[in-house]
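So the chains spell out like this:
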Amino acid sequence: MNDLPLRKTELSKRIPVNAAKLKRKLWLIFVIVLTCLLALLFLGPYVYLLLTSLKPSAEAVSTPPTLWPSTFSFENYRNMFDYLPVGKYFINSLVTAGASTIISVLVGALAAYGISRFTSVTGNYFLLFTLVIRMVPMISIAIPMYMIIKDMGLLDTQLALILVYTSVNVPFAIWLMIGFLDSVPKEFDEAARIDGCSWLGAFIRVILPVSLPGLATTAIFTFMLAWNDFLFSLLMTSTQAKTATVGISEFLTAYNLDLGPMTAAAVSFSLPVMIFSLFVQRYIVSGMTLGAVKE
Amino acid sequence: MKLKNGALSTMFFMPAALFMGVFLVYPILLLLKDSFFQIDLMNPAAREFVGLANYIDSLTSDRFLKALGNTVVYIIVAVGAEFIIGLILALLLSNAFKGSQIIRTVLLSPLMLAPLVSGLIWKFMLNDQFGIINWVLYKIGIISDPHQILWLSDSRFALISTIIADIWLTTPFIMLVLLAGIQGISKSLYESADIDGANKWHKFRYITVPSIIPVASVALLIRIIDAARTFDIVWVLTQGGPGFSSELLSTYMYKTLTRYGQVGQSSAMAVIFIIILLVLSSFFISKIWSPRKKNA
């Protein structure tokens, strides 16, 4: 009884501190809950696709829809090969995206090196020009590109897609590589020059090895652009060189009621990339933010 | 010395210039030329010079104007929502808490997803027969019949359905760029604001916002251009239909070329499209882009 007033004062002294602490804690909890909720919202559709692909074929299109597979089944993954030549589409995607990546990274790095190391008026104009080119929507160039490829007799070939993807990717590769090459000290190639290398030799022997992170970032992005392309493949291929994106889209029109194999194909197409991107996210972040801040 | 440098640098970017010349510059010139002709894809030899007729036809055609209007709506709604959600996510994730790193990583992975796959996922989920979206809405009592909303075949919903897929796919990109911008702000700014007794809102309004404006403008510019040329998502979800309710410039141009075989007409539309985008982006760039500084 006696010490009650004392406690009261003690309490009132403490309240402001506790309240502030509590407020901060509540705020943090609010932040965490909201973040998790939003993250779930963004992850949900892909997880749903993944789960659907693992359902028995009929269950994928059942009403009411189920969330969790009643039994896990790889039926859809086996079936997708029966409907369409999925394997061939994947190989086409891999070949065209892979080849165009190698070419555009090399060509882009070479150009970026030239512009980064030698101050020249043409170089600066060229750089400005690549920027303008990137603003041009590819859908509009796709029309004349189609005509050119047609005139060259390359419709429905892997080479056509490789050429187109490379051209689309080169300006992008230049912009990304310039960012990296500018950060490589000039002393590196100057030293190589003094040791008797040609400029090209210095580039190959010294600059390329030290800018590996930049090359990796550029390669990831150019590969993704080609791998994910739908428009050019839709426009320029019909049977032989068709890539996976166009192939998968055909599940929708051809087998409207059996969408299970479609989900399996979509997952097979994107899951390796999603997992890969988790491992290389350091490069993705640097590539995206660099590309973004640069432009 | 200057000359030698010029020659050397030219030598290095020659291969790139060659590629860009043949497959980017030449196509643009060809596009420009074709836009003045009447060309039938089935019979390309019979081309006829028609002057500005293709342009006039496009600009006075209801379908083209409808596609243009839809594209503008698409850009404003999609990019607007992406920016707001992306900013909220970036602000949330800039509070370092246990697991924030993991969530950030998880949110990054959809960035590598093909727009086509995003279209497929949403086509699946928005299906009026077995789609899960309608069932969720039904279960929580928003709609009275699980087949009530025909997301993709009702002209009132088709465009918004494609926008939903776009928002889902690209909000993480905006989040990432904004987060990078926020993390680049010097901590000392916030510390001195704390000393001055600034509250959260003040810190956001007077430190965070001004600091991320350059990064935000770049993110917006990239997204506006990308949204303007959206093709995959719309093609997979609705092919521009029903009617022309979700027709964008890109799908309309594609149809004009492949379905109707009108090369000249689609070229004229493409040129108009390029001009609009170049004007738009040069406006943005003149505001934000400072010429690259060479650290000699």
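Residues numbered from 1 in each chain as written. Chains lettered and ligands numbered in written order. Predicted model: local features only at pLDDT ≥ 70, side-chain atom pairs only at ≥ 80, totals over all residues. Heavy atoms only, no water.

(A) Expanded view of the overall build of chain A. The helix and strand inventory of chain A stands at 13 helices and zero strands. Ordering the α and β elements of chain A from the N terminus gives α-α-α-α-α-α-α-α-α-α-α-α-α. Per-residue burial over chain A gives 56% buried out of 295 residues. When contacts within chain A are restricted to residue pairs at least 6 apart in sequence, those whose partners lie at least 24 apart make up 72%. Total accessible area on chain A is roughly 13,400 Å²; 71% of this is exposed by carbon and sulfur atoms. (Helix = DSSP H or I, 4+ residues; strand = E, 2+ residues; numbered from the N terminus. Buried < 20%, exposed > 50% of the residue type's maximum accessible area, 1.4 Å probe, protein only. Contact = heavy atoms within 4.5 Å. Areas by Shrake-Rupley, 256 points an atom, 1.4 Å probe, with all protein chains shown as cover.)

(B) Structural context of the overall build of chain B. The helix and strand inventory of chain B stands at 12 helices and two strands. Along chain B, from the amino end to the carboxyl end, the secondary structure elements read α-β-β-α-α-α-α-α-α-α-α-α-α-α. Overall, the C-alpha framework of chain B stretches about 75 × 75 × 30 Å when taken along its three principal axes. Partitioning the contacts of chain B with sequence separation of at least 6, the portion at a separation of at least 24 is 65%. If you sum the accessible surface of chain B, you get close to 13,300 Å²; carbon and sulfur atoms cover 67% of it.

(C) Representation of a positive patch on the surface within the structure. Taken together, the side chains of Lys21, Lys23, Arg24 and Lys25 of chain A together with Lys200 of chain B define a basic patch exposed on the protein surface. The greatest single-element share of the positive patch, amounting to four residues, is contributed by helix 1 (residues 4-53) of chain A. Its location among the elements puts lysine 25 of chain A in helix 1. For lysine 25 of chain A, a relative accessible area of 60% translates into the label exposed. (Patch = residues over 30% accessible without salt bridge, like charges linked within 9 Å, V, L, I, M, F, W, Y side chains within 5 Å. Salt bridge = Lys/Arg side-chain N within 4 Å of Asp/Glu carboxyl O. Lys, Arg positive; Asp, Glu negative; His and termini not counted. Charge placed at Lys NZ, Arg CZ, Asp CG, Glu CD.)

(D) The side chain of lysine 255 of chain B, seen in detail. Note on placement: lysine 255 of chain B falls in helix 11 (residues 249-258). Once you skip the residues sitting within four places of it in the chain, lysine 255 of chain B turns out to touch Arg63, Trp235, Gln239, Gly240, Glu247 and Tyr260 of chain B.

(E) Region of the structure containing the UniProt feature "transmembrane region" (unreviewed entry) in chain A. All names here are of chain A. Listed under "transmembrane region" (unreviewed entry) in the UniProt record, and renumbered for this structure, are residues 26-48, 89-113, 125-147, 159-181, 202-227 and 259-280. Span residues 26-48 is 100% helix and 0% strand, its end C-alpha atoms 32 Å apart. The span residues 259-280 carries 91% helix and 0% strand; its end-to-end C-alpha distance comes to 32 Å. (UniProt positions renumbered as here; feature names shortened; annotations may be inferred.)

(F) Region of interest: unusual backbone geometry. Even without a glycine there, the phi angle at aspartate 156 of chain A is positive, about 65 degrees. Note on placement: aspartate 156 of chain A falls in the loop between helix 5 (138-151) and helix 6 (158-182). The exposure class of aspartate 156 of chain A is buried, given its relative accessible area of 15%. In this structure, glutamine 239 of chain B is a non-glycine residue whose phi angle is positive, near 55 degrees. Along the chain, glutamine 239 of chain B turns up in the loop between helix 10 (232-237) and helix 11.

(G) Representation of the domain arrangement of chain A. When the domains of chain A are assigned, the result is domain 1 (18-75) and domain 2 (85-250). The distance between the C-alpha centroids of domain 1 of chain A and domain 2 of chain A comes to 37 Å. (Domains from an automatic or database assignment.)

(H) Seen up close, helix 7 (residues 158-183) of chain B. Taking 1.5 Å per residue as the helical rise, helix 7 of chain B with its 26 residues ought to reach 38 Å, and the 38 Å between its terminal C-alpha atoms agrees with that figure. The largest bend in helix 7 of chain B comes to about 40 degrees, at threonine 170 of chain B, with the proline proline 172 of chain B one to four residues further on. (Expected span 1.5 Å × (residues − 1). Bend = angle between axes of the 7 residues up to and from the residue.)

(I) How the structure looks around the packing of helix 3 (residues 86-117) of chain A against helix 9 (residues 212-227) of chain A. Residue and element names in this part refer to chain A. As a packed pair, helix 3 and helix 9 sit with axes 8 Å apart at the nearest point and diverge in direction by 140 degrees. In terms of orientation, helix 3 lies oblique with respect to helix 9. Considering only the axes of helix 3 and helix 9, their crossing is right-handed. Every residue of helix 9 that contacts helix 3 at Phe90, Ser93, Leu94, Ala97, Gly98, Ser100, Thr101, Ser104, Val105 and Ala109 is listed here: Leu215, Thr218, Ala219, Thr222, Phe223, Ala226 and Trp227. Tallied by class, residues from the contact of helix 3 with helix 9 come to 10 nonpolar, seven polar and no charged. (Axes fitted to C-alpha atoms, helices over the stretch in contact; angles between N-to-C directions. Parallel < 35°, antiparallel > 145°, perpendicular 65-115°, else oblique. Left-handed = near helix turned anticlockwise from the far one by under 90°. Nonpolar A, V, L, I, M, F, W, Y, C, P; charged D, E, K, R; others polar.)

(J) Representation of the confidence of the model for chain B within the structure. Residue and element names in this part refer to chain B. In this model, chain B carries an average pLDDT of 85, and 94% of its residues clear a pLDDT of 70 or more. For chain B, per-element mean pLDDT is lowest for strand 2 (residues 43-49), which scores 77, and highest for helix 3 (residues 62-94), which scores 94. Across residues 291-296, confidence stays below pLDDT 50; counting only partners more than four residues off in sequence or on other chains, it has 11 contacts. This complex was scored by the predictor with a pTM of 0.86 and an ipTM of 0.84. (pLDDT = per-residue confidence, 0-100.)

(K) Summary view of the interface of chain B and chain A. Between chain B and chain A, the contact holds 94 residues from the first and 106 residues from the second. Each partner contributes to the roughly 8,900 Å² buried at the junction of chain B and chain A, and carbon and sulfur atoms together form 83% of this total. Remark: the boundary between chain B and chain A carries zero salt bridges. At the junction of chain B with chain A, the criterion picks out two residue pairs in polar contact (both at pLDDT 80 or more). The biggest single contributor to the side of chain B that touches chain A is helix 1 (residues 2-34) of chain B, with 21 residues. When the residues that make up the side of chain B that touches chain A are grouped by side-chain class, the tally is 70 nonpolar, 17 polar and seven charged. (Buried area = accessible area lost by both parts, 1.4 Å probe. Polar contact = N/O pair within 3.5 Å; in protein donor to acceptor, adjacent residues only side chain to side chain.)

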